[in-house]
Amino acid sequence: MASPIKIAQQVAGFDSAAVEHLQRLIRTWGLLADLALGDVLVMAPTVDDPEVYVVLANVRASTATTVYVHDPIGDRHRSTNRPLAHQAFVTGELQRAVVQLGPHFPDGEAEILAVPFRVNGEPVGVVLRERRVFQREILLLEQTYLDLSDRIMQMIADGYFPFVGANEPQYGAPRVGDGLLVLDENRRVVFQSPNAVSALHRLAIHRTPTGLRIDDLGLDDSFVRTAYAMKVGVTQELERRDVTVTTRCLPIIKDDVVEGGFILMRDVSELKRRDRMLLSKDATIREIHHRVKNNLQTISSLLRLQARRVESEEGKFALSESVRRIGAIAIVHETLANDASEDASGDDAPFEDVARPLIRLIEEGLQSPDDPIRFVLDGEAGRLPLIRSMPLAVVLTELLQNVVDHAFPKECHPADGRIVTVSFSTEEDDLIVSVADNGQGPPVGFDFAEARGLGLTLVHTFVTAELNGTITMVRGDGPDEAPGTATVVRFPRTWEDRVVGPAIDA
Ligand SMILES: Nc1ncnc2c1ncn2[C@@H]1O[C@H](COP(=O)(O)OP(=O)(O)OP(=O)(O)O)[C@@H](O)[C@H]1O
Ligand SMILES: [Mg+2]
């Protein structure tokens, strides 16, 4: 199904000015159809055969039933089948008639109004209003809608409408049903719909507006003045305490004179409130990360206290290892709490910002400062959501701790000094994290799959179960006395989300 713009360009030969004007018209569609109490369509003669018209766009009213049960966009009609449209196009005059409807509406009649659609004075197509007529009394509200619709259709025929340079509302454009005030040439209210009265009540205005101007009601009416003076639609938000009403004033122009106007008004307080809530949601998530981090630090302190009372060295060691692991997780939360970058959402952060403090944590735990290890960070990891960065932080801590614990025995002093490099790279959608040291290398006959220490068991579990990735750990290609160990973790950045929390078999 081609879009209105494509059909306009390719079938009806619209140039860019005509396309722009059509887009402007389509932006006001809802208003046009609602006032019309029926369908509004744009047709234009085809380039191939000017006696054939193609439907470019249509809109149905939310205030009435449609004449079109199918989607008419792209339909073609001979001028003889659409005499009113054809007449309006060739004469440049407004055409009106009541016609018998097709087979879908056995007893139906419709009133058709056809006006030329002009761009810079030249007709490029036809705007049609097609509305079912029923044998019943028309309500005052409906009559008001139809009168306004007539006047707008005339403005389209005269080339005044759609307005060029009208400003658009920020929060949901008000529709006719939201509230309607009709004004005379002196900007005085001549009609108010029940919903307009309600919107005014919301703004704490309880006077009946009939005969009054907007500023007589105590509201800022500069949007009405501007609309009348500039002859364009003007939108303004009226605020009173926690209530916001979007108002839009459209002038009615005839023979270059503003002979009236109308105001649509919609209470958007709820929309605005939700918008504000979304903004503060990010702040809330950050606050939660901050508290989680604090709680983890409390847990670490409790374990440290416990470690002091434990007699056995093994027990002390086990508890201090736990302190370190909890610290790694706390760092992730701290990073998410502090991430103030522009695209921060409170749920993801650049992983480098996690890796750097992790490395610092390991460095601080180094036993012998006179045998330093240099930590190098290389490449970019990019942003990772919490469900990736949390397991990755644990994995990285274990790998780095292993370097500290096992890579460099006393006698191992590589020529370039002790170095461990953490590098990030991306391949397709995978993030590749490698930890490489220039130490003594894994023990002879070491098989990662068989490794049973808690550290590598954690690493294995987190990489496969949490990151859905793979891991390899091999002897490096350095000199025999210090070949080094290279561990490479690879996992997809995007992967079906799941609840955070590692599944560790106890
Ligand atoms: N960078 C490395 N260089 C040399 N050997 C390593 C390196 N990383 C791991 N290893 C070897 O792999 C073994 C298993 O490591 P793992 O982390 O599972 O247990 P651990 O470090 O001994 O104990 P834990 O981590 O539970 O405190 C280590 O004991 C060590 O022999
Ligand atoms: Mg270990």
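Look a little higher up for the structure.
These remarks concern the structure in this document. (Residues numbered from 1 in each chain as written. Chains lettered and ligands numbered in written order. Predicted model: local features only at pLDDT ≥ 70, side-chain atom pairs only at ≥ 80, totals over all residues.)

A short note on the overall build of the protein chain
Secondary structure summary: the protein chain contains 12 helices and 18 strands in total. Projected onto its principal axes, the C-alpha positions of the protein chain cover 100 × 60 × 40 Å. The buried share of the protein chain, reckoned over its 506 residues, is 37%. Once local pairs closer than 6 in sequence are excluded, the contacts in the protein chain between residues at least 24 apart make up 63%. (Helix = DSSP H or I, 4+ residues; strand = E, 2+ residues; numbered from the N terminus. Buried ≥ 20, exposed ≤ 12 C-beta atoms within 10 Å, placed from the backbone. Contact = placed C-beta atoms within 7 Å.)

Considering the sheet that holds strand S15 (residues 419-427)
Taken together, the five strands give an open sheet; going across it, the order is S13-S15-S16-S18-S17, and neighbouring strands pair in mixed fashion. A strand with exactly one partner marks an edge of an open sheet, and here the two such strands are strand S13 (374-378) and strand S17 (470-475). Neighbouring strand axes in the sheet, compared pairwise and without regard to direction, differ in orientation by 15° on average. Pairing analysis gives eight bridges linking S15 to strand S16 (residues 430-437), with the strands arranged antiparallel. Each residue of the ladder has a partner; that of Glu427, found in S16, is Asp430. Lying over the sheet, helix H10 (residues 352-364) contacts S13 and S15, oriented at roughly 175° with respect to S13. (Pairing = 2+ DSSP bridges. Axes fitted to C-alpha atoms, helices over the stretch in contact; angles between N-to-C directions.)

Some words on helix H5 (residues 140-158)
Because each turn of an α-helix spans 3.6 residues, side chains separated by three or four positions end up pointing in the same direction. Helix length check: H5 (19 residues) gives 27 Å between terminal C-alpha atoms against 27 Å at 1.5 Å per residue, within 8%. Of all the residues in H5, the buried ones are Thr144, Tyr145, Leu148, Ser149, Ile152, Met153, Ile156 and Ala157. Where H5 is buried, its residues contact helix H3 (29-36), strand S5 (109-119), strand S6 (122-133), strand S7 (180-183), strand S8 (189-192) and strand S11 (257-267). Backbone geometry just downstream of H5 places Gly159 in the positive-phi region, at approximately 85°. (Expected span 1.5 Å × (residues − 1).)

Describing the packing of helix H9 (residues 313-338) against helix H11 (residues 386-407)
With their axes 9 Å apart at the nearest point, H9 and H11 run at an angle of 140° to one another. The angle between H9 and H11 falls in the class oblique. Taken as a pair, H9 and H11 cross one another with a handedness that is right-handed. Contacts between H9 and H11 involve Arg324, Arg325, Ala328, Ile329, Ile331, Val332 and Leu336 from the first element and Leu386, Ser389, Met390, Ala393, Val394, Thr397 and Gln401 from the second. (Parallel < 35°, antiparallel > 145°, perpendicular 65-115°, else oblique. Left-handed = near helix turned anticlockwise from the far one by under 90°.)

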